[in-house]
Amino acid sequence: MFKKLNRGVLGIAFLILAFCGCVWIGKETEISIVSFIILSTVLVSTFLIIVIYANPITKSVQLAEDIEDTIDDNKLDSEETMLKDIETMNSFGSRTTGSDGHKQFVLWLEQQLADMGFEVHRDTYTFDRWEEKRSAVFIDNEEVPVSAAYPYSGETDELGVTGELVYTKSGNYVDVKGKIIVVEIDNTKMLPMGFIMNERQVFPQQNHVVLGDGDLVLTSTLQNPNLKKAKEMGAKAVILVWKGVSDEKVKDQYLPFTTKYAGIPAVWVNQTEGQKVIEAAQNHKQSTVILEAEKEENAVTESFYVTMEGKNKQESILINTHTDGVNVVEEDGAIGMLSMIRYLSQTQPERTMVFAFVTGHFRLPDFKGTSQATSMWMQDHPELWDGKEGHMKAVAGITVEHLGSMEWKDNASGQYEATGDIQTEYTYTGNATMEAIWRKAIEERETVRTVTLRGHNRFEFGESQPLLEAGIPLIGLVASPDYLMADSENREMDKFNITLMREQIESLLKATIMVDDTPTNQLGKAEGYSYLIGRTN
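All of these numbers come straight from a predicted model, not from anything done at the bench.

### Quick notes on the overall build of the protein chain
Turning to step 1, where the next piece is worked out: Scanning the protein chain from terminus to terminus reveals 16 helices and 17 strands.
Turning to step 2, where the next piece is worked out: In the protein chain, buried positions account for 56% of the 537 residues.
Turning to step 3, where the next piece is worked out: Here the contacts in the protein chain between residues at least 6 apart in sequence split such that 84% fall between residues at least 24 apart.

### Here's the deal with the packing of aromatic side chains
Turning to step 1, where the next piece is worked out: Tallied over the entire structure, the rule returns 14 aromatic pairs.
Turning to step 2, where the next piece is worked out: Relative to W108, the ring of F105 lies with its centre 6.3 Å away and its plane at 15 degrees, an arrangement referred to as stacked. You can see F105 and its partner W108 sitting in helix α4 (residues 100–115), three residues apart, about one turn around the helix.
Turning to step 3, where the next piece is worked out: We classify F105 as buried; its relative accessible area is 0%.
Turning to step 4, where the next piece is worked out: Geometrically, the ring pair formed by Y305 and W377 is edge-to-face, given 5.7 Å between the ring centres and 70 degrees between the ring planes. Here Y305, found in strand β9 (residues 286–308), pairs with W377, found in helix α12 (residues 373–380); they are 72 residues apart in sequence, far enough to count as distant.

### Examining the pattern of salt bridges
Turning to step 1, where the next piece is worked out: Tallied over the entire structure, the rule returns 34 salt bridges.
Turning to step 2, where the next piece is worked out: We note a salt bridge from E131 to R129, for which the minimum N-O separation is 2.5 Å.
Turning to step 3, where the next piece is worked out: Between R449 and E407 there is a salt bridge whose closest N-O contact spans 3.1 Å. Here R449 is found in the loop between α13 (432–442) and β16 (450–453), whereas its partner E407 is found in strand β13 (residues 406–410), with 42 residues between them in sequence.

### Describing α4
Turning to step 1, where the next piece is worked out: Here α4 is 16 residues long and its end C-alpha atoms lie 23 Å apart, about the 22 Å a rise of 1.5 Å per residue gives.
Turning to step 2, where the next piece is worked out: Among the residues making up α4, those that are buried are G101, H102, F105, V106, W108, L109, E110, Q112 and L113.
Turning to step 3, where the next piece is worked out: Contact partners of the buried residues in α4: α3 (79–91), β1 (121–139), β9, α10 (333–344) and β11 (351–358).
Turning to step 4, where the next piece is worked out: G117 lies just past α4 and shows a positive phi near 100 degrees.

### Let's talk about the pairing of β16
Turning to step 1, where the next piece is worked out: Burial along β16 is two-sided: T450 and T452 and V451 and L453, pointing in opposite directions, are all buried.
Turning to step 2, where the next piece is worked out: Here strand β6 (residues 199–203) runs beside β16; their pairing, made up of three bridges, is antiparallel. When the sheet's bridge partners are listed, E199 is paired in β16 with L453.
Turning to step 3, where the next piece is worked out: Pairing analysis gives four bridges linking strand β15 (residues 425–429) to β16, with the strands arranged parallel. Bridge pairing in β16 links Y428 to L453.
Turning to step 4, where the next piece is worked out: As a crossover connection, the stretch from β15 through α13 into β16 is right-handed.

### Points about the layout of surface pockets
Turning to step 1, where the next piece is worked out: Of the volumes computed, that of the largest pocket is approximately 870 Å³.
Turning to step 2, where the next piece is worked out: At the level of secondary structure, the elements contributing two or more residues to the lining of the largest pocket comprise α6 (215–222) and α11 (364–367).
Turning to step 3, where the next piece is worked out: Broken down by element, the residue count for the lining of the largest pocket peaks at five residues, all from α6.
Turning to step 4, where the next piece is worked out: Considered as a void within the structure, the second largest pocket measures approximately 510 Å³ in volume.
Turning to step 5, where the next piece is worked out: For the second largest pocket, the lining is made up of 25 residues, of which S94, E132, D252, Y254 and D487 are closest to its centre.
Turning to step 6, where the next piece is worked out: Of all the elements, β1 adds the most residues to the lining of the second largest pocket, at five residues.
Turning to step 7, where the next piece is worked out: For the lining of the second largest pocket, the per-class residue count stands at seven nonpolar, nine polar and nine charged.

### Focus on the confidence of the model for the protein chain
Turning to step 1, where the next piece is worked out: Here the protein chain shows a mean pLDDT of 91. Residues at 70 or above account for 89%.
Turning to step 2, where the next piece is worked out: Contacts of residues 1–32 to residues separated by more than four positions or lying in other chains number 29 contacts, the stretch itself having pLDDT below 50.

### Examining the nonpolar core
Turning to step 1, where the next piece is worked out: In this structure, I239 and F355 are the most contacted members of the largest nonpolar core, which totals 146 residues.
Turning to step 2, where the next piece is worked out: Top contributing element to this core by residue count: helix α15 (residues 498–517), with nine residues.
Turning to step 3, where the next piece is worked out: The two domains that each donate at least three residues to this core are domain 1 (79–126 + 300–523) and domain 2 (130–297).
Turning to step 4, where the next piece is worked out: Apart from residues lying up to four places away in sequence, F355 is in contact with F304, Y305, V306, M308, I319, M337, I341 and L344.

### Here's the deal with the environment of A280
Turning to step 1, where the next piece is worked out: With respect to the element layout, A280 can be found in helix α9 (residues 271–282).
Turning to step 2, where the next piece is worked out: Residues A280 and E164, 116 residues apart in the sequence, show an inter-C-alpha distance of 9.4 Å.
Turning to step 3, where the next piece is worked out: In contact with A280, not counting residues within four places along its chain, are I139, L165 and K285.

### As for the packing of α10 against α15
Turning to step 1, where the next piece is worked out: Relative orientation of the contacting elements α10 and α15 amounts to 50 degrees, with a least axis distance of 10 Å. Classified by the angle between their axes, α10 and α15 sit oblique to one another. Between α10 and α15 the crossing geometry is right-handed. In this structure, α10 uses I335, G336, S339, M340, Y343 and L344 to contact α15, whose residues at the interface are M501, I505, L508, L509, T512 and I513.

### Some details on unusual backbone geometry
Turning to step 1, where the next piece is worked out: Put simply, F203 and P204 share a cis peptide bond, and its omega is -10 degrees.
Turning to step 2, where the next piece is worked out: Its place among the elements puts P204 in the loop between β6 and α6.
Turning to step 3, where the next piece is worked out: Note the cis peptide between E330 and E331, where omega equals 15 degrees.
Turning to step 4, where the next piece is worked out: With respect to the helices and strands, the residue E331 is situated in the loop between β10 (312–322) and α10.
Turning to step 5, where the next piece is worked out: Of note, the phi angle at Y152 is positive, near 55 degrees, even though the residue is not glycine.
Turning to step 6, where the next piece is worked out: Following the sequence through the fold, Y152 ends up in the loop between β3 (148–149) and β4 (161–167).
Turning to step 7, where the next piece is worked out: Note on Y152: relative accessible area 4%, which makes it buried.

### Observations concerning the environment of I341
Turning to step 1, where the next piece is worked out: Among the structural elements, I341 can be located in helix α10.
Turning to step 2, where the next piece is worked out: Measuring from C-alpha to C-alpha, the distance between I341 and L509 comes to 9.4 Å, with 168 residues separating the pair along the chain.

### Brief notes about a nonpolar patch on the surface
Turning to step 1, where the next piece is worked out: A surface patch of nonpolar side chains, amounting to about 260 Å² of accessible area, comprises F195, L532 and I533.
Turning to step 2, where the next piece is worked out: Mapped onto the fold, I533 is located in the segment after α16 (520–523).

Definitions and limits used
- Residues numbered from 1 in each chain as written.
- Predicted model: local features only at pLDDT ≥ 70, side-chain atom pairs only at ≥ 80, totals over all residues.
- Heavy atoms only, no water.
- Helix = DSSP H or I, 4+ residues; strand = E, 2+ residues; numbered from the N terminus.
- Buried < 20%, exposed > 50% of the residue type's maximum accessible area, 1.4 Å probe, protein only.
- Contact = heavy atoms within 4.5 Å.
- Phe/Tyr/Trp six-rings, centres within 6.5 Å; stacked < 30°, edge-to-face > 60°.
- Salt bridge = Lys/Arg side-chain N within 4 Å of Asp/Glu carboxyl O.
- Expected span 1.5 Å × (residues − 1).
- Pairing = 2+ DSSP bridges.
- Right-handed = clockwise from strand over helix to strand, strands pointing away.
- 1 Å grid on protein atoms, 1.4 Å probe; cavity = no way out; pocket = protein on both sides within 12 Å on 5 of 7 lines; lining within 4 Å.
- Points joined across faces, edges and corners; volume = space filled by probe spheres on them.
- Nonpolar A, V, L, I, M, F, W, Y, C, P; charged D, E, K, R; others polar.
- pLDDT = per-residue confidence, 0-100.
- Core = buried A, V, L, I, M, F, W, Y, C linked by side-chain atoms within 4.5 Å.
- Domains from an automatic or database assignment.
- Axes fitted to C-alpha atoms, helices over the stretch in contact; angles between N-to-C directions.
- Parallel < 35°, antiparallel > 145°, perpendicular 65-115°, else oblique.
- Left-handed = near helix turned anticlockwise from the far one by under 90°.
- Patch = residues over 30% accessible without salt bridge, like charges linked within 9 Å, V, L, I, M, F, W, Y side chains within 5 Å.
- Areas by Shrake-Rupley, 256 points an atom, 1.4 Å probe, with all protein chains shown as cover.

This is the structure we're talking about:
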C-alpha cells in the first residue's frame, strides 16, 4: 500500500510542478513557490483521504476461544448425495426466470423441504416472460452460426427479417431505417476493477482480484448497444460481434441479463464468424435475422422461504440465494442450502434462521427492488429482519452462490482452457467481525483461494447486496467464473468440482454456526459502501 501511496504522491507532485511551471512562467519566483505549496497540500491531502477511505484497514478482531467452529463430517451430506441433487437440478435444463425448468426446480426444492418437515412459505409474482426458441443469421443464403441470442431483445416470425447490413459504432445509428445493424463489441480486458471492487484481505497471500473475472458480464453491460435507440431509428435487427475473446468462451452466453425488453431482435456472433458479417456489411449485402421467441404475459414465478426456530425468537439470521440460473454453478446455491438445512436442523440454533430462496435474479428489471432480487423479498417480509415492533431483528446474513467453480480462461494463444486453479472465491464481509469469522471458517480448507471484499461504489455482486443495504452484517460468497452465464447443453459440468462444493458448504456451515454462537454486540453493525478507488492488489 505504501509503495502505491508513494508513487501516487510523487506523481501528483510532478503534475503540480509542471502545472505551476506553465501557469506562472515569467512570474515572481515567490508566487510560484507559494502556489506550488498550496496546491500540493490540497491535492496530496485529497489523495490521502481517497486512499484511506477507499482502502479501509480491516481491524483485527479476536473471536472467543470457545466459539464453535467444527463440523461433524458424518452428519454433512456426502459428495455422492450432493452430486445426486446437482444432477437432479441439471435434469430440469435451463432455469431462466419463470421457465418450465425453473418452475420444476422450485417445486422440487419445495418438496425436499416439506419432506424434512418444514412449512414452505411462498410468494407468487407475475411478469412478462421472454424465452428464445430459435435464432439464426443468413447472408447470401448461407447460415452464419449464432453464438447466442440477446435475452429480452425482441423476436421475429419463422421467416425472420431481411435487410441491408450496415456496419456502425454502438449507438451511432444514423441512416439505419429498414436495415440490419452490425456492431462490434470489444471485450473489455482491462476492467477498472478498483472502481467496482475493494479488497479487505486475501488468503493465501499471493491472491488478489483477478483482472478479467466477469469480463463478458461487465462488457455486455458497460458497452450496452442501446437497442432502444436502434428500434427508434427504424432498424430491423441488430447483430453484435464479439471482439478480443475466444469463440468457445462466448458460446451460449446469456448476456446481458439486466436489460429491459427492447422490442427489436438482436443476436451475438463470435469473432470468427463476425468478421464475415462485418465484411458483408461493408459490401452492403442483404441478410436475414431470425429470432423466434416464446412470450408469456403475466407469467408466474415463486420465491419461498422456510424458518428454523431458534431459542431466541427475537433475532434472526438470514441465509439466502436465488433459484433461477442457466448452468450448474448459476445457480447451485439452492442445492448448497439444502445440505446446510439438513445439517443445521439436527440441533436447535440459538437464533431463528430464515432460509430464503428467491426468484428474479435473471429478470432484475422486474425483480430488483432496490438492488438485487432478494430486496423484493425483503420488502415483502420486514417481519423477518427489520427489528421494528413485533418483528425479528436480523443480526447477520449468509449468501450462498456459485459453488464448485473451477477457473477457465483464454490463454495467451486465445484458447479457452482450464487453468488448474479453483475460481477465486470473492466473499463480501460486512464488518471486521464477519471478516474474522470467515477467515476462521476457511483456515483448515484443503483448497482455498479467497479474496474478501467490501461493497464498493454502490457495487456488490450477487444477492448479498440487499443485506448490505439493509444494514445487516453479512458474509456473501459469490465466485465469478468466465462461464457463469453460459446456457450450455452440458450445464458446464466439465468446469464443476463436487469436492470443492462440499468444502465450500462446510466453510459456510462453520461461518453460520460461529455467527449464531457470537453475542449480538460482538457481531456489531454493518459497514456501508466504500467509495472512490478501491484496493485490488
